[in-house]
Protein chains: 2
Amino acid sequence: MQEKITIEQTLSKLIEEKKYPTIKDILVTMNPMDIASVLQNTDSADMTKLFRLLPKETAAECFVEMEPDYQEELISCFSDKELTEVINELYVDDAADLVEEMPANVVKRILSNTKEGFRKEINEILKYPENSAGSIMTTEYVSLRPDMTIKEALERIKKTAIDKETIYTCYVTEKRMLLGVVTVKDLIIAKDDEEKIKNIMETNVICATTLTDREETSQMLRKYGFLALPIVDGDNRMVGIVTFDDAMDVIIDEVSEDIGIISGMSTSEKSYLHTSAFELFLHRIPWLLLLMVSATFTGLIISSFEDALTKVAVLTAFIPMLMDTGGNSGSQASVTIIRALSLGEIKFSDLPRVIFKEFSASILCAAAISVACFAKIMLIDHLLLGNDSINVIVALCVCASMALTVIVAKFIGCALPMIAKKLKFDPAVMASPFITTIVDAISLLVYFAFANAILF
Amino acid sequence: MQEKITIEQTLSKLIEEKKYPTIKDILVTMNPMDIASVLQNTDSADMTKLFRLLPKETAAECFVEMEPDYQEELISCFSDKELTEVINELYVDDAADLVEEMPANVVKRILSNTKEGFRKEINEILKYPENSAGSIMTTEYVSLRPDMTIKEALERIKKTAIDKETIYTCYVTEKRMLLGVVTVKDLIIAKDDEEKIKNIMETNVICATTLTDREETSQMLRKYGFLALPIVDGDNRMVGIVTFDDAMDVIIDEVSEDIGIISGMSTSEKSYLHTSAFELFLHRIPWLLLLMVSATFTGLIISSFEDALTKVAVLTAFIPMLMDTGGNSGSQASVTIIRALSLGEIKFSDLPRVIFKEFSASILCAAAISVACFAKIMLIDHLLLGNDSINVIVALCVCASMALTVIVAKFIGCALPMIAKKLKFDPAVMASPFITTIVDAISLLVYFAFANAILF
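Q: Go over the overall build of chain A with me, naming the residues and quoting the values.
A: Looking only at helices and strands, chain A has 23 helices and six strands in total. The dimensions of chain A, computed from C-alpha atoms along their principal axes, are 90 × 65 × 45 Å. Nonlocal contacts in chain A, meaning residues at least 24 apart in sequence, comprise 71% of its contacts between residues at least 6 apart.

This is how it looks when you write it as structure tokens:
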């Protein structure tokens, strides 16, 4: 079977043969996103050569899509002139992201090779708190005056469009106050192009402030299906916009972070294959250690009931089942609540409704699981596998513990994330690993309490 | 403390007093999305009354945003004329979604009150497989001819824009074949409006087919940051577009589904507060039962080592720690891989690289955790808590099991989801609950094997 020849191999061969016009022809057929991924897979000398063959605008678009490590490498190969060219082609929010991710010496070089006006705009964005709308906005948007006619507005858009990340939603401002929005669609379909903007603009504007949480901002944008959301400062003056693609990235990042925390690890912004094994280790070991230490409690509980376990040895066999069921019940509830919280479906004031709903669901689950468990123990463990030390009393003791554990686990699972949110912690940290530990301890205590009461 | 008066209470009072003009004034200041949420929180009689007060276009936009239960209720109150009005205002993809979600008798009423051309378009979309790009696309897009001038193109957009979900990306077709794309931005910034479309269009078009998986389609759209992605049929003829807001919904739904499966439950498309306790129970009980039954294996393993446990009772105390650490290690690896797979970062052919990376990370984790565990057992359990039955031999036995469990768990955690993907199963079903069971069994077997070898 013949191996497929990758585009990277073809390009590397063409570089060797110095067939630069051919390479150029290949690159211009490609999307900047795809060029970025090809560049990252070629070796570092070729990467710079290929990058230099790109048209100026494509080069900037492609640069933005690369991972920080590769951006840094490219910058180190750039002359000051090249650096200036690339940076000045970037949108200001992308430039700000770059400055945030590069090490100090590179940042210094970047800023000293940036035009003064642009440098100011970058610094403007960098001063907002990390998780705020201000930090993900761009200051490049189309602003119109209320007294412009539609014709004048279209002229203005035509003149300024080239530098703007999105032109399709325009903002009508006066003395920097946001008065309304008008879309390019509105402008195009308008019957009379002498009509004033103020007569067709939407005045009921939905906006966020620079300090609004960036996830909240992104969810707002998603909820209303906007292409961009205007951002105002504390005095209601328009300072920028957040565009849908950046909002989408924020939402996906936050979800990935939630999934990570739920599974007991921190996540990286790098893609999997670009994350080293050592980084994976660093992301994972803290939770593993925490869980191990917190298992001291479950260990203690078991130790203190050693006598009971030695007398009725079969009790030990059901510990894993009890703990797994409890942990799973708890994480079902907690993950449901964490998702509902982050999608904005529930608020802290819904706590009583949530608890009631989870309690009802947990009663149903507990009933179903304990009946099934009783049947399983008596049919499989007792009859089929012929374990005589398992009798009705043991089965009842296990099932009762199971039912109570499920109910308690669901209660803890729904209440903890909501309380965490109220106390301004990330609700996700209250998810699986943490709840597992608490539920493990409770399920064992319940189990031994029942065992002591029924069996001895 | 005074209770806040909600907008719902205000509106309900105004309805009582029959102050319809005032209500109208309030409603027009609101976004359709917000009106939908208000309607769903008012009682059913008021809901219909409020809905009837909305302007036709707003009514349709608001209707789309409501949950299926409420849509059904509204439809049941509509006269045939009202129903026709609302349906004909919908975009065709939204109408198709509605038809899919309503019960048969309602669907019949909807279709018999729809204009024939529109009904045909709805049926066209409904015939595509549930998870395909065809099922989420809309057939309403702006198409241009290659020989049009920019001026003619803008005229055409002006005439047809009102019915189109998005106008900002236009598709250049000839005999329904997709030749290129051109954005409204390109048209607006063009210097000469007598220039032909074919000279300014982008001919390197990225598109999906009607049968492409809808998640893959949405990820493509997100990757390239497009507003819409063109969809072609098997003969490369353009049939529709998928817009960014629908793509975003698909991505979020799939992620929620993944999170659900990872946490051992199925998820609902309804929001949390609209899901009944019984539905929650149905979503959760299957995994709970499955886990309980599969715990039979762990139970069996423990039973068969009952003698060892009775002789060295302290061994039991470490079972929860071992199982939790193993389960957590496995789900860390599996969730990382599941995310990387669904974001398209890795393919099956990367399996060797993935295994090597996870193996390296697991060696580091295993080394760190077993050293920490040894220290913890000797310092906390032995010295601090003064448990004399815990000695160096027991600690070594626990730590060795822990190290091996972590390595095995990470291996299973990374390999199973990739194999599942290769076999065309959803990799997420290979996540936590399933892996937990396998890792539980393995960790116990390793533990008892070490105990038998070292202690007896």
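Moving on from the model shown.
Q: Quick rundown of the nonpolar core? Include the residues and the values.
A: The nonpolar side chains of a soluble globular protein tend to be buried with one another. Counting residues in each nonpolar core, the largest one holds 168 residues, and the members touching the most others are L229, I231 and V242 of chain A together with L229, I231 and V242 of chain B. The residues touching I231 of chain B, leaving out its near neighbours within four places in the chain, are A133, G134, M137, C207, A208, T209, T210, V239, G240, I241 and V242 of chain B. The next biggest cluster of nonpolar side chains, apart from the first, holds 90 residues, and it includes F305, I319 and V406 of chain A together with V398 of chain B.

Q: How would you sum up the relation of the copies chain A and chain B? Please name residues and give values.
A: Once chain A has been moved 0.0 Å along the axis and rotated by 180°, it coincides with chain B to within an RMSD of 0.1 Å. What the rotation and shift describe, once combined, is the action of a two-fold rotation axis. Among all C-alpha atoms of chain A, that of T310 of chain A lies closest to the rotation axis, at 2.8 Å. Most of the interface of chain A is mirrored in chain B, where 99% of its interface residues again form contacts.

Q: Please provide a residue-by-residue account of the packing of helix 20 (residues 351-384) of chain B against helix 21 (residues 392-422) of chain B, values included.
A: All names here are of chain B. Where helix 20 meets helix 21, the axes come as close as 8 Å, and the angle between the chain directions of the two elements is 155°. Of the possible angle classes, the one that applies to helix 20 and helix 21 is roughly antiparallel. At the point where helix 20 passes helix 21, the crossing takes the right-handed sense. Residues of the contact of helix 20 with helix 21, tallied by class, amount to 24 nonpolar, two polar and two charged.

Q: Talk me through the environment of G327 of chain A; I want residue IDs and the actual numbers.
A: All names here are of chain A. Along the polypeptide, G327 turns up in helix 20 (residues 319-342). For the pair G327 and K410, spaced 83 residues apart in sequence, the C-alpha separation works out to 9.4 Å. With sequence-adjacent residues up to four places away left out, G327 is seen in contact with T436, V439 and D440.

Q: So what's going on with the packing of helix 15 (residues 214-224) of chain B against helix 16 (residues 244-262) of chain B? Which residues, and what values?
A: Residues and elements named next belong to chain B. Between helix 15 and helix 16, the shortest axis-to-axis distance is 9 Å and the interhelical angle comes to 120°. By the criterion of interaxial angle, the relationship of helix 15 to helix 16 is oblique. The handedness of the crossing between helix 15 and helix 16 comes out as left-handed. Here R214, E215, S218, Q219, L221 and R222 of helix 15 come into contact with helix 16, specifically with F244, A247, V250, I251 and E254. For the contact of helix 15 with helix 16, the class distribution of residues is five nonpolar, two polar and four charged.

Q: I'd like a rundown of the sheet that holds strand 5 (residues 228-232) of chain A, residues and numbers included.
A: Residue and element names in this part refer to chain A. The sheet built from three strands is open, its strands ordered 4-5-6 with mixed pairing. The open sheet has two edge strands with one neighbour each: strand 4 (208-209) and strand 6 (238-243). Sheet topology places strand 5 next to strand 6; five bridges connect them, and they run antiparallel. Bridging from a neighbouring strand, A228 pairs with T243 of strand 6. This element, helix 15 (residues 214-224), spans strand 4, strand 5 and strand 6 of the sheet and lies at about 135° to strand 5. This element, helix 16 (residues 244-262), spans strand 5 and strand 6 of the sheet and lies at about 65° to strand 6.

Q: How would you sum up the domain arrangement of chain A? Please name residues and give values.
A: Parsing chain A into structural domains produces domain 1 (7-131), domain 2 (143-250) and domain 3 (291-455). Using only C-alpha atoms to locate each centre, domain 1 of chain A and domain 3 of chain A end up separated by 53 Å.

Q: How would you explain helix 7 (residues 80-89) of chain B if you had to name every residue and give the values?
A: Residue and element names in this part refer to chain B. Among the residues making up helix 7, those that are buried are L83, V86 and I87. Buried positions in helix 7, seen along its axis, are confined to an arc of 95° and lie on one side of it. Check the buried side of helix 7 and you find it contacts helix 5 (56-64), helix 6 (68-77), helix 8 (92-101) and helix 9 (104-112).

Q: With reference to specific residues and values, describe the interface of chain A and chain B.
A: Taken residue by residue, the interface counts 94 residues in chain A and 94 residues in chain B. Of all the elements, helix 17 (residues 277-304) of chain A adds the most residues to the side of chain A that touches chain B, at 18 residues.

Q: I'd like a rundown of the sheet that holds strand 3 (residues 177-183) of chain B, residues and numbers included.
A: Residue and element names in this part refer to chain B. Taken together, three strands build an open sheet; the order of strands is 1-2-3 and the sheet is mixed. Of all the strands in the sheet, the pair left with one neighbour each is strand 1 (143-144) and strand 3. In this structure, strand 2 (residues 169-174) lies alongside strand 3, joined through six bridges in antiparallel fashion. Counterpart to C170 in the pairing with strand 3 is V182.

Q: So what's going on with unusual backbone geometry? Which residues, and what values?
A: Peptide bonds are mostly trans, and most non-glycine residues show a negative phi. Residue and element names in this part refer to chain A. With a phi angle near 50°, K175 is a residue other than glycine that sits in the positive phi range. Along the chain, K175 falls in the loop between strand 2 (169-174) and strand 3 (177-183). Positive phi, normally seen in glycine, also occurs at R176, with a value near 65°.

Q: Describe helix 17 (residues 277-304) of chain B, and please don't skip the residues or the numbers.
A: Residue and element names in this part refer to chain B. Between the first and last C-alpha of helix 17 there are 40 Å, a value that for 28 residues agrees with the 40 Å anticipated at 1.5 Å per step. At R284, helix 17 shows its largest kink, close to 35°, and the proline P286 lies no more than four residues downstream. Those residues of helix 17 not exposed but buried are L280, R284, W287, L288, L291, M292, A295, T298, G299 and I302.

Parameters and conventions
Note on numbering: residues in each chain are counted from 1, in written sequence order. Just so you know, chain letters begin at A and ligand numbers begin at 1, following the order they were written in. The predicted origin of the model limits local features to residues at a pLDDT of at least 70 and limits the giving and counting of side-chain atom pairs to 80 or more, whereas totals for whole chains, interfaces and linings rest on all residues. Secondary structure is summarised from DSSP: a helix means a run of H or I of at least four residues, a strand means a run of E of at least two, and numbering begins at the N terminus for each. The contact criterion used is a C-beta to C-beta distance within 7 Å, with each C-beta placed from the backbone. Nonpolar cores are built from buried Ala, Val, Leu, Ile, Met, Phe, Trp, Tyr and Cys residues. These are joined into a set through C-beta atoms within 7 Å. Working definition of burial: number of other C-beta atoms within 10 Å of the residue's own, with buried at 20 or more, exposed at 12 or fewer, and partly exposed in between, all C-beta atoms being placed from the backbone. Residues below a pLDDT of 70 in either copy are left out; the C-alpha atoms of the rest, at least 70 in both, set the least-squares superposition of the copies. Under this scheme, a helix contributes an axis fitted over its contacting stretch, all axes are lines through C-alpha atoms, and angles between N-to-C directions fall in the 0 to 180 degree range. Just so you know how the angles are binned, under 35 degrees is roughly parallel, over 145 roughly antiparallel, 65 to 115 roughly perpendicular, and the rest oblique. Should the near helix be turned anticlockwise from the far one by less than a right angle, the crossing is termed left-handed; should it be turned clockwise, right-handed. Amino acids are sorted into nonpolar (Ala, Val, Leu, Ile, Met, Phe, Trp, Tyr, Cys and Pro), charged (Asp, Glu, Lys and Arg) and polar (every other residue, Gly among them). Pairing between two strands requires that DSSP report at least two bridges joining them. Where each domain begins and ends is defined by an automated method or by a domain database. Arc definition: it is the arc formed by the directions from the helix axis to the C-beta atoms. Each residue after the first adds 1.5 Å to the expected span of a helix. What the bend at a residue measures is the angle between two axes, fitted to the seven residues ending there and to the seven starting there.

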